[in-house]
Amino acid sequence: VRMCGVTVRIRELPGNRVMAYHHALVGGRAGELLRAVAEAGGVACDVMLVPSVERGGATDVATTGFAAARGAQCQRVPGVRSPYVPTTGTWEGYLATRSANFRQNLKRKRKALAAHGDLTERFFAREDEVAELIGLIGQVERASWKVGAGMAISESTQEQRYYAALLPWLARKQALCANVLFVGGQAVAYSLSYRWRGRIAQMKTSFDERVSAATPGLTVNATAIRHAFESGAVEFDFLGDVMPHKMHWTDQVRVHDNLYVFLPTRRGRLVGLAKSLIHRLRPHRQVETVGRGGHR
């Protein structure tokens, strides 16, 4: 790619495309992994990008340590701030920490949904339930605001193929954790999550715009978070960036950065120096994600 007018060879670890961010690089041998990426195929790269790294976390420490050992410059570009809810207590104890208005709102919105028809909820975890789950997700997505925003799974063949491959694998690993909210037998909202190493992390959630006034997203997320408490998870991670519907549940966020390692090749040093000068003149701004407003 071209950076600062110079053509460089760049290698990027997964993070922006197939996962939200790294809690830790796999295998427990991060330094060796980073070195293998830098030297892959016997051809050294000029720049390495390790995206969406938790600031101060294991991947951050490993990457900055790798850069220092190689005499490389490591530049930090602000990424997402990801909200999460610690779930080591009880659901009732957690609700007690939220405002009285928030607790009343949960009850009001559930009652408003029930006015549209019988309110039922189902969890999906088994491989033989995946096909039905994918069908219900598509049904909700096609009636959601995400269609107009170009974010709906139902409008992307690539995303459909991705989830068709991922969800059966998660189910076989006993890691699939999804719940769907029905009103009058019709799916109106879902929360699609996975469980891994004690954490429940939400990959996708959406709701039917036709009942948006009753905020079904609030109700389906309440069920998902309550399940995290009651199933012994240590946290419910919303993944992705700060958005209004997530911040109704927590004020705790993880700050993430994209780490650019400019390796000590001639071009790597040149671009690293140029980027450093540019950053001094024009500091990086924090990423801001815009989504469907409110807590629906």
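Above this note sits the structure.
Here the structure is a predicted model, which is why all the values come from computation and not from measurement.

S.K.: Before we move on, can you summarise the layout of surface pockets with the specific residues and values?
M.R.: Its volume calculated, the second largest pocket comes out at about 270 Å³. Lining the second largest pocket, in full, are W91, L95, R103, L106, K107, R110, E121, T219, A222, T223 and R226.

S.K.: Give me the lowdown on the nonpolar core, citing residues and values where you can.
M.R.: Counting residues in each nonpolar core, the largest one holds 24 residues, and the members touching the most others are L133, L167, L170, L176, V180, Y190 and L192. Contributing elements (two or more residues each) for this core: α5 (130–142), α7 (157–172), β7 (176–183) and β8 (186–196). Residues within four places of L176 in sequence aside, it is in contact with F124, A125, V130, L133, L167, L170, A171, L192 and S193.

S.K.: Break down the environment of R35 for me, citing the residues and quoting the values.
M.R.: In this fold, R35 is placed in helix α1 (residues 30–38). A relative accessible area of 40% places R35 in the partly exposed class. Each C-alpha atom, one on R35 and one on K275, is 23 Å from the other, the two residues being 240 residues apart in sequence. The residues contacting R35, other than those within four sequence positions of it, are F66 and R70.

S.K.: Account for the sheet that holds strand β4 (residues 47–54), naming residues and giving values.
M.R.: Strand order in this open sheet of nine strands is β3-β4-β11-β5-β10-β9-β8-β7-β6, and the pairing throughout is mixed. Two strands bound the open sheet, and with one partner strand each, they are β3 (10–12) and β6 (119–124). Ignoring strand direction, the axes of neighbouring strands in this sheet form an average angle of 25°. Here β7 runs beside β8; their pairing, made up of eight bridges, is antiparallel. Pairing of V180 across the sheet is with Y190, part of β8. Sitting on the sheet, helix α2 (residues 58–70) touches β4, β5 (73–86) and β11 (253–262), and the angle it makes with β4 is about 155°. Relative to the sheet, helix α10 (residues 266–281) contacts β5 and β11, its axis offset from that of β5 by approximately 65°.

S.K.: Please provide a residue-by-residue account of the packing of α1 against α2, values included.
M.R.: Put simply, α1 and α2 touch, their axes get as near as 9 Å, and they point 60° apart. Taken together, α1 and α2 sit at an angle that is classed as oblique. Here the hand of the crossing between α1 and α2 comes out right-handed. In this structure, α1 uses A30, G31, L34, R35 and A38 to contact α2, whose residues at the interface are A62, T63, F66 and R70. Residues of the contact of α1 with α2, tallied by class, amount to five nonpolar, two polar and two charged.

S.K.: Let's hear about the pattern of salt bridges: which residues, and what values?
M.R.: Taken as a whole and judged by the stated rule, the model has 18 salt bridges. As a salt-bridge pair, E32 and R29 come within 2.8 Å of each other at their nearest N and O atoms. Residue class for E32 comes out partly exposed when judged on its relative accessible area of 38%. The partner of R226 in a salt bridge is E230, with the nearest N and O atoms 2.7 Å apart. In this pair, R226 and E230 are both assigned in helix α8 (residues 216–230), four residues apart and thus about one turn of the helix distant. Overall, the relative accessible area of 36% leaves R226 in the partly exposed class. Overlapping salt bridges, with partners in common, bring together E54, R199, E235, D237 and R254 in one network.

S.K.: Just give me the short version of the side chain of H256, but keep the residues and values in it.
M.R.: Within the element layout of this structure, H256 appears in strand β11. On the accessibility criterion, H256 (0% relative accessible area) is buried. For H256, the contacting residues outside a window of four places in its chain are Y21, S52, V53, E54, R55, P78, G79, V80 and S82.

S.K.: Any details on the pairing of β5? Residues and values, ideally.
M.R.: The pairing of β5 with β11 spans nine bridges and is classified as antiparallel. Along β11, the bridge assignment pairs C74 with V261.

S.K.: I'd like a rundown of α2, residues and numbers included.
M.R.: In a regular helix each residue adds 1.5 Å, so 13 residues correspond to 18 Å; α2 covers 18 Å between its end C-alpha atoms and thus fits that length. Packing partners of the buried residues in α2 comprise α1, β4, β5 and β11. G71 lies just past α2 and shows a positive phi near 70°.

S.K.: Give a description of the environment of A62 that names residues and reports values.
M.R.: Positionally, A62 belongs in helix α2. Residue class for A62 comes out buried when judged on its relative accessible area of 18%. Considering only alpha carbons, one finds A62 and L34, 28 residues apart in sequence, at a separation of 8.6 Å. Among all residues touching A62, those that are not within four sequence positions of it are A30 and L34.

Rules used in this analysis
Residues numbered from 1 in each chain as written. Predicted model: local features only at pLDDT ≥ 70, side-chain atom pairs only at ≥ 80, totals over all residues. Heavy atoms only, no water. 1 Å grid on protein atoms, 1.4 Å probe; cavity = no way out; pocket = protein on both sides within 12 Å on 5 of 7 lines; lining within 4 Å. Points joined across faces, edges and corners; volume = space filled by probe spheres on them. Core = buried A, V, L, I, M, F, W, Y, C linked by side-chain atoms within 4.5 Å. Buried < 20%, exposed > 50% of the residue type's maximum accessible area, 1.4 Å probe, protein only. Helix = DSSP H or I, 4+ residues; strand = E, 2+ residues; numbered from the N terminus. Contact = heavy atoms within 4.5 Å. Pairing = 2+ DSSP bridges. Axes fitted to C-alpha atoms, helices over the stretch in contact; angles between N-to-C directions. Parallel < 35°, antiparallel > 145°, perpendicular 65-115°, else oblique. Left-handed = near helix turned anticlockwise from the far one by under 90°. Nonpolar A, V, L, I, M, F, W, Y, C, P; charged D, E, K, R; others polar. Salt bridge = Lys/Arg side-chain N within 4 Å of Asp/Glu carboxyl O. Expected span 1.5 Å × (residues − 1).

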